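Given next are the chains, with one letter for each unit.
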Amino acid sequence: MAYFLGGAVVNWTGWSLAALAGVWGAAWIPEKWGLSFAGVLALLALLVNLSKDRRTFVAALAAGVAATALYGLPFKLYIVAAVAVGVAWGLSTDAWLRARDEGDV
């Protein structure tokens, strides 16, 4: 029970402090930015946490560049295209590095 309680207290404290920081920090964000700004911040937080190596960061950067370049596509297809570019970049980089390590390249 002590193991569970220790984890629960740490989790609750972190959650509460982050929620308070969000409540107090929200006053600095203009209302005209709306919820879209919160979505950008959430995705940015995911990007920072998931970018553990350079390959992952470069794949995410490629997806961001593709999304920016393809912004004019109808039906917000630039999002789908950006995901496809990021996945393709990551998979091709991974395959190339594995082949290089095995001496095939």
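All values derive from a computational prediction rather than experimental measurement.

J.: Which residues make up the overall build of the chain, and what are the values?
T.: A tally of regular secondary structure across the chain gives four helices and zero strands. Listing every helix and strand of the chain by position from the N terminus yields α-α-α-α. Relative to its length of 105 residues, the chain is extended, with a C-alpha radius of gyration of 20 Å against a globular reference of 13 Å. Taken over the C-alpha atoms alone, the chain extends approximately 50 × 45 × 20 Å along its principal axes. Out of the 105 residues belonging to the chain, those deemed buried represent 10%. For the chain, the accessible surface area stands at approximately 8900 Å², while carbon and sulfur atoms represent 73% of it. For the chain, the centre of its 7 positive side-chain charges and the centre of its 6 negative side-chain charges are spaced 8 Å apart.

J.: How would you sum up the pattern of salt bridges? Please name residues and give values.
T.: Applying the stated criterion across every chain, the model contains four salt bridges. For the salt bridge of D94 with R98, the shortest nitrogen-to-oxygen distance reads 3.1 Å. Here D94 and its partner R98 are both found in helix α4 (residues 77-102), four residues apart, which amounts to about one turn of the helix. The class for R98 is exposed, based on a relative accessible area of 53%. It is possible to trace a salt-bridge network through shared partners that takes in D53, R55, D94 and R98.

J.: Tell me about a nonpolar patch on the surface, residues and numbers included.
T.: Residues I29, W33, L41, L44, L47, V48, F57, L61 and V65 make up a contiguous nonpolar surface patch of roughly 800 Å² in combined accessible area. Among the elements of the structure, α2 (34-50) and α3 (54-69) are those that each provide at least two residues to the nonpolar patch. The biggest single contributor to the nonpolar patch is α2, with four residues. With respect to the element layout, V48 can be found in helix α2.

J.: Now, about unusual backbone geometry: what can you tell me, with residues and values included?
T.: The backbone of F75 shows a phi angle near 60°, a positive value even though the residue is not glycine. Mapped onto the fold, F75 is located in the loop between α3 and α4.

What counts and how
- Counting starts from 1 at the beginning of each chain's written sequence and moves along it residue by residue.
- Given that this is a predicted model, residues contribute local features only at a pLDDT of at least 70 and side-chain atom pairs are listed and counted only at 80 or more, while totals for whole chains, interfaces and linings are drawn from all residues.
- Side-chain numbers come from the whole structure's heavy atoms, not from hydrogens or water.
- In this text, helices come from DSSP runs of H or I with a minimum length of four residues, and strands from runs of E with a minimum of two, each type numbered from the N-terminal end.
- Atoms considered for the radius of gyration are the C-alpha atoms alone. The globule rule reads 2.2 Å times the number of residues to the power 0.38.
- Only protein chains enter the accessibility calculation, which uses a 1.4 Å probe. A residue is then buried if its area is under 20% of the maximum for its type, exposed if over 50%, and partly exposed in between.
- For accessible areas, the Shrake-Rupley method is used with a probe of radius 1.4 Å. Any residue's cover is judged against the shown protein chains and nothing else.
- Under the counting rule used here, the positive set is Lys and Arg, the negative set is Asp and Glu, and His together with the chain ends is not counted.
- A single reference atom marks each charge: NZ on Lys, CZ on Arg, CG on Asp, CD on Glu.
- Whenever a carboxyl oxygen of Asp or Glu lies within 4 Å of a side-chain nitrogen of Lys or Arg, that contact is scored as a salt bridge.
- Nonpolar side chains (Val, Leu, Ile, Met, Phe, Trp, Tyr) within 5 Å and like charges within 9 Å form the patches, drawn only from residues with over 30% relative accessible area and no salt bridge.

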